[in-house]
Amino acid sequence: MKFPVGASATIEELDADPHPLLARLRVAEPVSWIPVLGGWLVTRHDLALRVLRDTRFTVDDPRFSTAQVVGTSMLSLDGAAHTRHRDAFARRFRPAETRARFTAFVHDEVDRLVGAVAPRGHAEVRDDLAGPLAVAVVTEALGLRDVTPATIRSWYDAFVEAVSAITAGRPANATDAYDRLRAKVEAALDEHAAEDTLLTAAARHLDTDEVVANAAVLMFGGIDTTEGMITNAVLHLLERPARLALVRDEPGLLPAAVEESVRLEPAASVVDRYATEDVPLGTARIAKGDLVRVSITAANRDPAVFAEPDRYDPRRANVDRHLAFAHGPHFCFGAHLARLETMTMLRALIRLPDLRLAGTVGPRGLVFRKPLTLEVAWEPVIEEDA
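Note that the structure is a prediction, hence the values are computed from the model and not measured. (Residues numbered from 1 in each chain as written. Predicted model: local features only at pLDDT ≥ 70, side-chain atom pairs only at ≥ 80, totals over all residues. Heavy atoms only, no water.)

Draft legend 1. The packing of helix α6 (residues 79-90) against helix α12 (residues 208-222), seen in detail. Between α6 and α12, the least distance of the axes is 11 Å, while the angle of their chain directions is 65°. As α6 packs across α12, the resulting crossing turns out to be right-handed. On the side of α6, the interface is formed by Arg84, His85 and Phe89, while α12 contributes Glu210, Val211, Asn214, Ala215 and Leu218. Residue composition of the contact of α6 with α12, by class: 4 nonpolar, 2 polar and 2 charged. (Axes fitted to C-alpha atoms, helices over the stretch in contact; angles between N-to-C directions. Helix = DSSP H or I, 4+ residues; strand = E, 2+ residues; numbered from the N terminus. Left-handed = near helix turned anticlockwise from the far one by under 90°. Contact = heavy atoms within 4.5 Å. Nonpolar A, V, L, I, M, F, W, Y, C, P; charged D, E, K, R; others polar.)

And the structure:
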């Protein structure tokens, strides 16, 4: 058997705790055929970069999971078509525009969310803090202000579940959620046609089907992965009291602590490509049409790049080499906004007295990884009457 380690992989192992398996693959079979995934898995950092940069590996394939769920979008196109779709949205998420447009909104939302739970002395991070923040920011970005957070969450839950199911080889259907999103996007385009919103600006370059598909991409890209990024960062900071003490004593380390968290456990663990021709990769021979799945999780723990890669180290000098936001043409343009949300939430949380873990289940996830639950506690903060 040419790829015995890959042949031993199970969906449960990849979903629950893939790190030991990924480490074995990285050493023995850095490009391995994984039968349960029906494709190749790339686990070495240099080879992952090669796939993400090489135009012979494409997302433009009808089997691409996101395309099956939401249709053709920036995530499932390459070349000029990808640029047209991406630029219609990405211009609004450049660093300066992101800071100007979202800083005050994010701060206000974080203050509201943390303020609501501060008096009770405990919270479940995903449901009480990270999820609501991510939903509020994406809702604001898309201008869907008449849609309740619960409705938005139900839509993106459906999209994420469908993508994960397809990746695992299971049937998936998010048609109802997609139809409801489409109706709201169309209504917003009509209602705000004379305004300069994200959706109306995109509609100058894309047709309605394309606007809706990309809005769905922003929804699960901007909500689920940001929720995961925040939750993972809180977990990593609180797992050991010394870590929290370090960033409290040296606040300037907080950005590096966030980057180290996304390196150690990226919220989006894999990205898919398809070979457009026969391509040698490592010791493997990739055939035209083969699925090639890049493990961002494995690449981010490659000891050839990161010393002691399984250790959380906010002082890591080369943390910026992580691939948590992908690389190349499909680099996540929402990275700046996700960092802003994560940093703002962490700054608010670490001010709570005696902040500590109170229980956790996770991280888990075949594609999108985060703790299933993350309970934290602190001394209740009771504001005195003026």
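Draft legend 2. Fine view of the sheet that holds strand β5 (residues 270-275). Taken in spatial order, the 5 strands line up as β1-β2-β8-β5-β3 in an open sheet, and their pairing is mixed. What marks the edges here is a single partner per strand, and that holds for β1 (31-34) and β3 (57-58). The sheet strands contacting helix α4 (residues 45-53) are β1, β2 (39-42), β3, β5 and β8 (291-295), and the helix crosses β8 at an angle near 130°. (Pairing = 2+ DSSP bridges.)

Draft legend 3. Representation of unusual backbone geometry in the model. Phi angles above zero are rare outside glycine, and Glu308 is one such case at about 45°. Along the polypeptide, Glu308 turns up in the loop between α16 (296-299) and α17 (335-349). A positive phi angle is found at Asp354, which is not glycine, with a value near 55°. Note that Asp354 resides in the loop between α17 and β9 (356-361).

Draft legend 4. Geometry of the pattern of salt bridges. Counted according to the given criterion, the structure contains 32 salt bridges. Here Arg44 makes a salt bridge to Asp46, at a shortest N to O gap of 2.8 Å. Here Arg44 falls in the partly exposed class, since its relative accessible area comes to 29%. Salt-bridge contacts for Arg243 lead to Glu239; the nearest nitrogen and oxygen are separated by 3.0 Å. (Salt bridge = Lys/Arg side-chain N within 4 Å of Asp/Glu carboxyl O. Buried < 20%, exposed > 50% of the residue type's maximum accessible area, 1.4 Å probe, protein only.)

Draft legend 5. Region of interest: the packing of aromatic side chains. Under the definition given, this model contains 6 aromatic pairs. Between Trp33 and Trp40, the ring centres sit 5.3 Å apart and the planes meet at 80°, which makes this aromatic pair edge-to-face. On the basis of relative accessibility, which here comes to 30%, the residue Trp33 falls in the partly exposed class. On the numbers, 5.4 Å between centres and 35° between planes, the contact of Phe93 with Phe333 is tilted. On the criterion of sequence distance, the pair formed by Phe93 in the loop between α6 and α7 (95-117) and Phe333 in the loop between α16 and α17 is long-range, its members being 240 residues apart. An identical accessibility class is assigned to Phe93 and Phe333; each is buried. Put simply, the rings of Phe3, Trp33 and Trp40 touch in pairs and so form one group of aromatic residues. The side chain of Arg101 reaches across the aromatic face of Phe102, ending 5.0 Å from its centre. Its guanidinium or amino end placed over the ring of Phe306, Arg263 lies 5.2 Å from that ring's centre, counting from NZ or CZ. (Phe/Tyr/Trp six-rings, centres within 6.5 Å; stacked < 30°, edge-to-face > 60°. Lys NZ or Arg CZ within 6 Å of the ring centre and 35° of its normal.)

Draft legend 6. Looking closely at the pairing of β1. Taken together, the 4 bridges between β1 and β2 define a ladder with antiparallel strand orientation. Across the sheet, the residue bridging to Ile34 is Gly39, located in β2. In this structure, the hairpin formed by β1 and β2 is closed by a connection of 4 residues, where Gly38 is found at a positive phi of approximately 65°.

Draft legend 7. Molecular detail of the environment of Arg315. Following the sequence through the fold, Arg315 ends up in the loop between α16 and α17. On a C-alpha basis, the gap between Arg315 and Ala256 in space is 7.0 Å, while along the polypeptide they are 59 residues apart. Once you skip the residues sitting within four places of it in the chain, Arg315 turns out to touch Leu246, Glu250 and Leu253. A distance of 2.5 Å separates the side chain of Arg315 from the side chain of Glu250, its partner in a polar contact. (Polar contact = N/O pair within 3.5 Å; in protein donor to acceptor, adjacent residues only side chain to side chain.)

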